[in-house]
Amino acid sequence: MVEMKDDFEPELREQLRAREAPAGFADRVMARVAKRQQPQHRGWLGFGMPVWQWAVATLLVAAMVAGGLEREREQREQGERAREQVLLALHITGSTLREVQQKVGASDAVHEMNQKGAGAVIPEKDEP
Amino acid sequence: MDHSQKTFRDLVERHQGRVFSIALRIVGESGAAEEVAQDVFLELYRALPGLESEEHVTAWLRRVACHRATDALRRRAVRGYAAAEEYQDGMELRPAVRDFLPLMNRLEQLLLTLPPAQRAVMVLRYQEDLEPEDIATEMKMPLATVRSYLQRGVKMLRAKAQRTLKEYSRG
């Protein structure tokens, strides 16, 4: 027990003297040192990374590249579909225009023949 | 210094008590203290070629043991160990925490109620018998801080020890 007197500091020094380390401490330290000194398995590439880590890294890179290619393919397909739709729309518009043009052309020819008085009078469609 | 296993083992055997005690009095738990002490010696093994003499090794061990033990204590506090929280509040240890430290004497237990940096300074002064100037140099602390830690640390421990003694005599 701590005595309450003026020489508290010597008492403190006495009670805080270095203790002994637990039994077998040095052996445990030396075992860890020996374990550290064992050559590490460095893998076939020898860059200090085990083979399995290289395999995981390769798989990750391959997955990223495949993902990028797939996205690019989808974008290309979408572009193709959009282009086809535009072409179809243009084709439909073109056909309609041609049809209208033919009808207008035919109507003009009938009107011209009627005015010249040649042959039988073909009634113009627009007349009542 | 010589890096052979034999030389290193001799060093471990000569300094193991010192390093383990510093760690124990800062961390406050035997298992954690041994872990810290082992890590310090592994670090010494790597640093040995750069150390010139036994005095240099001793100073290096004191400094690194204090720092690693303080780091370990901080990590334990972050992980939420109840005892570590208790040490840092500056109050008296609760009986439950005292039971957690059966191997420590009363003054060692009271030391754990001081903040970690102050604990380290007290250990270097009273376990290692270093002068305040040497502690300031080794711990890279202002001398005034070291003196203040020591003065307040002794005062607090004295007051707490006195209170314990009174409680003890009252039965």
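Residues numbered from 1 in each chain as written. Chains lettered and ligands numbered in written order. Predicted model: local features only at pLDDT ≥ 70, side-chain atom pairs only at ≥ 80, totals over all residues.

To continue, consider the overall build of chain B. Each helix and strand counted, chain B has 9 helices and 0 strands in total. Counted from the first residue to the last, chain B has its helices and strands arranged as α-α-α-α-α-α-α-α-α. A buried classification covers 40% of the 171 residues belonging to chain B. Sequence-distant contacts in chain B: of pairs separated by 6 or more residues, those separated by 24 or more amount to 60%. (Helix = DSSP H or I, 4+ residues; strand = E, 2+ residues; numbered from the N terminus. Buried ≥ 20, exposed ≤ 12 C-beta atoms within 10 Å, placed from the backbone. Contact = placed C-beta atoms within 7 Å.)

In terms of regular secondary structure, chain A is built from 3 helices and 0 strands. Counting from the amino terminus, helix and strand elements in chain A follow one another as α-α-α. The 128 residues of chain A split such that 5% are buried.

The subject of this paragraph is the interface of chain A and chain B. With 23 residues of chain A at the interface, the matching set in chain B holds 31 residues. Looking at the side of chain A that touches chain B, the element that brings in the most residues is helix α2 (residues 25-37) of chain A, giving 8 residues. When grouped by side-chain class, the residues that make up the side of chain A that touches chain B number 14 nonpolar, 1 polar and 8 charged. (Nonpolar A, V, L, I, M, F, W, Y, C, P; charged D, E, K, R; others polar.)

At a minimum axis distance of 10 Å, the contact between α2(A) and helix α2 (residues 30-47) of chain B shows a crossing angle of 50°. Relative to α2(B), α2(A) is oriented oblique. Considering how the two elements wind past one another, α2(A) and α2(B) form a crossing that is right-handed. Between α2(A), through A:Phe25, A:Arg28, A:Val29, A:Arg32, A:Val33 and A:Arg36, and α2(B), the contact on the second element is made entirely by B:Glu34, B:Gln38, B:Phe41, B:Leu42 and B:Tyr45. Split by residue class, the contact of α2(A) with α2(B) holds 6 nonpolar, 1 polar and 4 charged. (Axes fitted to C-alpha atoms, helices over the stretch in contact; angles between N-to-C directions. Parallel < 35°, antiparallel > 145°, perpendicular 65-115°, else oblique. Left-handed = near helix turned anticlockwise from the far one by under 90°.)

Let us now look at the confidence of the model for chain A. Should pLDDT be low for a region, the predicted coordinates there are not to be read in detail. On average, chain A scores 82 in pLDDT, and the residues at 70 or more come to 78%. Mean pLDDT per element in chain A: helix α1 (residues 8-15) of chain A is the minimum at 89, and α2(A) is the maximum at 92. (pLDDT = per-residue confidence, 0-100.)

Next up on the list: the nonpolar core. By size, the foremost hydrophobic cluster in this structure holds 46 residues, and its most contacted members are B:Val19, B:Ala23, B:Ile26, B:Val27, B:Val36, B:Ala37 and B:Ala69. Broken down by secondary-structure element, the contributors of at least two residues to this core are α2 of chain A together with α1 (5-27), α2, α3 (54-79), α6 (106-111), α7 (116-126), α8 (132-139) and α9 (143-170) of chain B. It is α1(B) that provides the largest number of residues to this core, a total of 10 residues. In this view, B:Val36 contacts B:Ala23, B:Val27, B:Arg68, B:Ala69 and B:Ala72; residues no more than four positions away in its chain are not counted. (Core = buried A, V, L, I, M, F, W, Y, C linked by C-beta atoms within 7 Å.)

We now examine the confidence of the model for chain B. All names here are of chain B. Here chain B averages 84 in pLDDT, while 78% of its residues score no lower than 70. Throughout residues 82-91 the model reports pLDDT below 50, and contacts reaching past four residues in sequence, or to other chains, amount to 19 contacts. With pTM at 0.63, the complex prediction returns an ipTM value of 0.80.

Residues and elements named next belong to chain B. For Glu-138, the position within the fold is in helix α8. A residue is classified by how many C-beta atoms lie within 10 Å of it, and Glu-138, with 18 of them, is partly exposed. If we ignore the near neighbours within four places in the chain, the residues touching Glu-138 are Ala-59, Arg-62, Arg-63 and Leu-124.

Attention now moves to unusual backbone geometry. Residue and element names in this part refer to chain B. Of note in the backbone geometry, Asp-129 takes a positive phi value of approximately 60° without being a glycine. Its place among the elements puts Asp-129 in the loop between α7 and α8. A positive phi angle is found at Lys-140, which is not glycine, with a value near 50°. With respect to the helices and strands, the residue Lys-140 is situated in the loop between α8 and α9.

Attention now moves to the packing of α1(B) against α2(B). Residues and elements named next belong to chain B. At their nearest, the axes of α1 and α2 sit 8 Å apart, and the two run at 140° to each other. As far as their axial angle goes, α2 and α1 are oblique. Where α1 crosses over α2, the handedness of that crossing is right-handed. Along the contact surface, α1 presents Phe-8, Val-12, Gln-16, Val-19, Phe-20, Ala-23, Leu-24 and Val-27, while α2 presents Ser-30, Ala-32, Ala-33, Glu-34, Val-36, Ala-37, Val-40, Phe-41 and Tyr-45.

All right, on to the environment of B:Leu73 then. All names here are of chain B. By secondary structure assignment, the location of Leu-73 is in helix α3. Judged by the 25 C-beta atoms lying within 10 Å of it, Leu-73 falls in the buried class. Measuring from C-alpha to C-alpha, the distance between Leu-73 and Val-27 comes to 5.4 Å, with 46 residues separating the pair along the chain.

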